[in-house]
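For reference, the chains in residue letters:
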Amino acid sequence: NAAVRDELLTADLAVLPCVIAADGERDGIPIFLCEAMALGVPVVTTPVSGIPELVRDGDTGFLAAAGESSALAAALERALRDRAGTAAIAERGRAAVHRELDVDRLAALLVAEIER
């Protein structure tokens, strides 16, 4: 975990182009994206499964159509072209992870649901 954290802290971008496998298998919301965003690293990924719940294109990260290398290249270009804009997107992504995936808040919601 420390090695991954150290690498992320030196990265310009965290890139994880997810796809839906031939058998239908897919990622939910990959922990790698959550970790990168929590550290303030801008992410580039694809809108597969639950990913768009956390990564919103141009708001909290960058999305490219799954399986389309030209779309991925375009998203990478957008992210690398405007460093100031990408830094703002990364900060919104960091804030979103800390807000939406806060363990204490989620545990309280779960307890409230169980007690309902």
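Quick notes on the rules
Residues numbered from 1 in each chain as written. Predicted model: local features only at pLDDT ≥ 70, side-chain atom pairs only at ≥ 80, totals over all residues. Heavy atoms only, no water. Pairing = 2+ DSSP bridges. Helix = DSSP H or I, 4+ residues; strand = E, 2+ residues; numbered from the N terminus. Core = buried A, V, L, I, M, F, W, Y, C linked by side-chain atoms within 4.5 Å. Buried < 20%, exposed > 50% of the residue type's maximum accessible area, 1.4 Å probe, protein only. Contact = heavy atoms within 4.5 Å. Polar contact = N/O pair within 3.5 Å; in protein donor to acceptor, adjacent residues only side chain to side chain.

Enquirer: What is the right way to look at the sheet that holds strand E2 (residues 43–45) in this model?
Expert: Where strands meet in a sheet, backbone hydrogen bonds hold them as pairs that are either parallel or antiparallel. Pairing is parallel across the open sheet formed by three strands, whose spatial order is E1-E2-E3. Each of the sheet's edge strands pairs with one partner strand only, and the pair in question is strand E1 (14–16) and strand E3 (62–63). Where E2 and E3 come together, two bridges link them in parallel fashion. Bridged to Thr 45 within E3 is Leu 63.

Enquirer: What's the story with the nonpolar core in this structure? I'm lost.
Expert: Among the nonpolar cores identified, the biggest contains 16 residues, and Ala 14, Ala 36, Met 37, Val 43, Ile 51, Leu 54 and Val 55 are the most heavily contacted of them. At the level of secondary structure, the elements contributing two or more residues to this core comprise helix H2 (31–38), helix H3 (51–54) and helix H5 (83–100). Per-element tally for this core: the top contributor is H2, with four residues. When near neighbours in sequence (up to four residues on either side) are disregarded, Ala 14 contacts Leu 8, Phe 32, Ala 36, Val 41, Pro 42, Val 43 and Val 44. With eight residues, the next largest nonpolar core counts Leu 13, Val 44, Leu 72 and Ile 89 among its residues.

Enquirer: It is not clear to me how the environment of Ala 96 should be interpreted in this structure. Could you clarify?
Expert: Turning to its location among the elements, Ala 96 is positioned in helix H5. On the basis of relative accessible area, Ala 96 is assigned to the buried category, the value being 0%. For the pair Ala 96 and Asp 59, spaced 37 residues apart in sequence, the C-alpha to C-alpha distance is 9.9 Å. Ala 96 has contacts with Leu 54, Arg 56, Thr 60 and Leu 101, leaving out every residue within four places of it along the chain.

Enquirer: Teacher, can you tell me more about the side chain of Thr 60 here?
Expert: Among the secondary structure elements, Thr 60 is positioned in the loop between H3 and E3. Looking at Thr 60, its side chain comes within polar contact range of the main-chain oxygen of Leu 54, at 2.7 Å. One polar contact links the side chain of Thr 60 to the main-chain amide nitrogen of Arg 56, over a distance of 2.7 Å. Sequence-distant contacts of Thr 60, defined by excluding residues within four places in its chain, comprise Met 37, Val 43, Leu 54, Val 55, Ile 89, Arg 92, Gly 93 and Ala 96.

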